[in-house]
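# Fold and contact review
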Amino acid sequence: MERLARAGQRLRGLDGRWPWLLDAAVVAGAFLVFCVPELVRGQDDEGPREHHVVFTHLPLPATLAFQAALLLPLLWRRRRPGTAFAAVGAVFLVQWSLGAALRADAALLLALYALALHGRLRTLAWACAASAAGAVVVALRLSSAVSVWDVLFFLAAAVTAAVAVGIAVRVRRAQLAGLRERAARLEVERDQRSRLAAATERTRVAREMHDIIGHNLSVIITLADGGAYAARSAPERGREALALIGDSGRQALGELRRMLGVLREHGDGPGLAPQPGIADLAGLCGRIRSAGPEVVHRTEGDLESLDRGVQLMVYRIVQEALTNTLKHAGPAARARVSVSLAGSRLLVRVDDDGGPGGGPDGHGDGDGDGDGQGVTGMRERAALYGGAVTAGPAPGGGWSVVAELDVTPVAELDLAPLLPSAQPAAPVPSVPSVPPVLDPAGGPA
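Please read these numbers as outputs of a predicted model, since none were measured by experiment.

Time to look at the overall build of the protein chain. Across its full length, the protein chain carries eleven helices and five strands. The buried share of the protein chain, taken over its 445 residues, is 39%. In the protein chain, the share of contacts with a sequence separation of at least 24, taken over all contacts with a separation of at least 6, comes to 75%. Surface exposure of the protein chain reaches about 24,400 Å², of which carbon and sulfur atoms provide 62%.

The full count for this structure, using the stated rule, is one aromatic pair. Ring geometry for F92 and W96: centres 6.2 Å apart, planes at 45 degrees, overall tilted. Residue F92 and its partner W96 are located together in helix α4 (residues 81-97), separated by four residues, close to a single helical turn. The buried category is assigned to F92, whose relative accessible area is 9%.

We now examine the nonpolar core. V314, V318, L322 and L346 are the most contacted members of the largest nonpolar core, which has 40 residues in total. Residue assignment for this core shows that the elements contributing at least two residues are α7 (148-230), α8 (235-263), α9 (281-290), α10 (308-329), β2 (334-342), β3 (345-352), α11 (373-383) and β5 (399-406). The element that contributes the greatest number of residues to this core is α10, accounting for nine residues. Residues within four places of L346 in sequence aside, it is in contact with L303, L306, V310, V314, V339, S340, L341, A403, E404, L405 and V407.

All right, on to the sheet that holds strand β4 (residues 388-393) then. Reading across from one edge, β1-β2-β3-β5-β4 is the order of the five strands in this open sheet, with mixed pairing throughout. Sheet topology places β1 (294-300) and β4 at the edges, where each strand pairs with a single neighbour. The average angle at which neighbouring strand axes cross in this sheet is 10 degrees, direction not considered. Here eight bridges tie β2 to β3, and the two strands are oriented antiparallel to one another. The partner of V339 across the bridge, within β3, is V348. This element, α9, spans β1 and β2 of the sheet and lies at about 170 degrees to β1. Contacts from α10 reach β1, β2, β3, β4 and β5, with the element oriented near 15 degrees to β3.

Moving on, we come to the pairing of β2. Judged from the seven bridges that link them, β1 and β2 form a sheet pairing that is parallel. In the sheet register, R298 faces β2, and the bridge partner there is S338. As for the winding sense of the linkage, the β-α-β connection from β1 through α10 to β2 is left-handed. Remark: two residues form the turn of the hairpin made by β2 and β3, two consecutive strands paired antiparallel; G343 in that turn has positive phi of roughly 70 degrees.

All chains considered together, the criterion is met by seven salt bridges. Two residues, R298 and E300, come together in a salt bridge whose shortest N-O distance is 2.2 Å. One salt bridge connects R349 with D351, and the closest N-O pair in it is separated by 2.8 Å. Salt bridges sharing common partners tie together E187, R190 and D191.

For R170, the location among the structural elements is in helix α7. On a C-alpha basis, the gap between R170 and A114 in space is 9.8 Å, while along the polypeptide they are 56 residues apart. Those residues in contact with R170 that lie beyond four places of it in its chain are L115, A116, L117, H118, G119 and L121. Here A116 takes part through its backbone oxygen, which lies 3.2 Å from a polar atom of the side chain of R170.

Our focus in this paragraph is the pairing of β4. For β4 and β5, the ladder comprises six bridges, and the chain directions are antiparallel. Along β5, the bridge assignment pairs A391 with V401. Taking the residues between adjacent antiparallel strands as the criterion, β4 and β5 are bridged by five residues, where G397 takes a positive phi near 105 degrees.

The rules behind the values
The numbering scheme is per chain: residues are counted from 1 as the chain's sequence reads. Only residues with pLDDT of 70 or above have their local features reported here, since the model is predicted, and side-chain atom pairs are shown and tallied only from 80 upward, although totals for entire chains, interfaces and linings are computed over all residues. Side-chain metrics rest on all non-hydrogen atoms present in the structure, leaving aside hydrogens and water. A run of H or I in DSSP counts as a helix once it spans at least four residues, and a run of E counts as a strand once it spans at least two, with each numbered from the N terminus. Buried means the residue's accessible area, taken with a 1.4 Å probe over protein chains only, is under 20% of the maximum for its type, while exposed means over 50%, and partly exposed covers the values in between. Whether two residues touch is decided by their heavy atoms; if any such pair falls within 4.5 Å, the residues are in contact. The accessible surface values rely on the Shrake-Rupley method and a 1.4 Å probe; as for residues, cover is taken only from the protein chains in view. When the centres of two rings from Phe, Tyr and Trp lie within 6.5 Å, Trp using its six-membered ring, the rings pair. Their planes under 30 degrees apart give stacked, over 60 give edge-to-face, and anything left gives tilted. To form a nonpolar core, buried Ala, Val, Leu, Ile, Met, Phe, Trp, Tyr and Cys residues must be joined to one another through side-chain atoms within 4.5 Å. Whether two strands pair comes down to DSSP finding at least two bridges between them. Inter-axis angles, ranging from 0 to 180 degrees, are taken between N-to-C directions of lines fitted to C-alpha atoms, where helices are fitted over the stretch in contact. Whether a crossover is right-handed comes down to one check: with the strands pointing away from the viewer, does the path from the first strand over the helix to the second run clockwise; if it does, it is right-handed. A side-chain nitrogen of Lys or Arg and a carboxyl oxygen of Asp or Glu constitute a salt bridge if their distance falls within 4 Å. Distance and chemistry together define a polar contact, namely a pair of N or O atoms within 3.5 Å, with one atom able to donate a hydrogen and the other to accept it when in protein, and with adjacent residues in sequence counting only for side-chain atoms on both sides.

Structure (structure tokens):
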């Protein structure tokens, strides 16, 4: 079967490159099978006298002409099946009207098969009617030796077989074409799903990288600038800034390792710490506070009962908002962080005063990097839980970021996979305001 399948594929490939070659091969095969025996024996055979049927004896040139007229139209049987059948049928009727019988008349069945395979069904109906008329002519010519009904039955069976085989092959080819089209469409859809999944994963990773690297680099840069300025007048403050830079770098490295651990397909190594949650907001505010801004952190409600995905979302929103405060309002700004849960309503609010000289437009576009990823990332995270984020100038000056969510259906959401949850941490106490480590002038805060 495999050999036949390979041979069929090679034959289809050959026919696709040189279609006339197969048409000529069919005509040559029909000539060898039907015409050559007739030319060799036809000069000494005057017809089947035992059936008392006398056929007109055609001279050799006329025989060759009729044979050529019957077979040559088959060269166009695939491109012009209706025209080819009409030409063969006309020659067939002329030949039998002269009382001549030729083996090449089988070309009429070949043309009818090609019409059923390649032609239009409306044309096929007219062709069947014409074949019935030709069968009547043949039956009347043979009526002296054979019953008319026997001849009509035989010819009707032959015509039906040719049409049935042609339609069967046509239906089979249509089915195969449909299967190939469906397979190609499924392959395209599979590739599209793969690309969409890859794009979604790249977006998720890019958002996490933006949150982790953008925040920690902002803290490190601010600490480095302040430490370099303070090193001339207070070397101990410079050493303190370097220590804080190291802590921030290690924090960023740990978060990157945790994020990359989520992306691993097989986690064979030791267990990794969970993604940050609401319990880690105190540490986040402390790192921002060490870079200069004064941060007040307040929480209300049973926040530890929230899903780990919701806690990560809250942490990232606060992280991005404080990073924007550090970048745009400067190290002398004051920020207030409030996270409250009342029933199923979760409210996250981060406000700052815009820093010295800050006004309503102190944050520019309100984004951390100017390319729309900061606020857009916060909105995308909140949208996963049916929430919304608004960011803009505060009425009294500075900048305000407010995220409001309904956490009732959190357990039913299908979110991106996160690391396993750790044991619940103790409730986060309110963190009082403490003075910043460094001030813009480089002296004690």
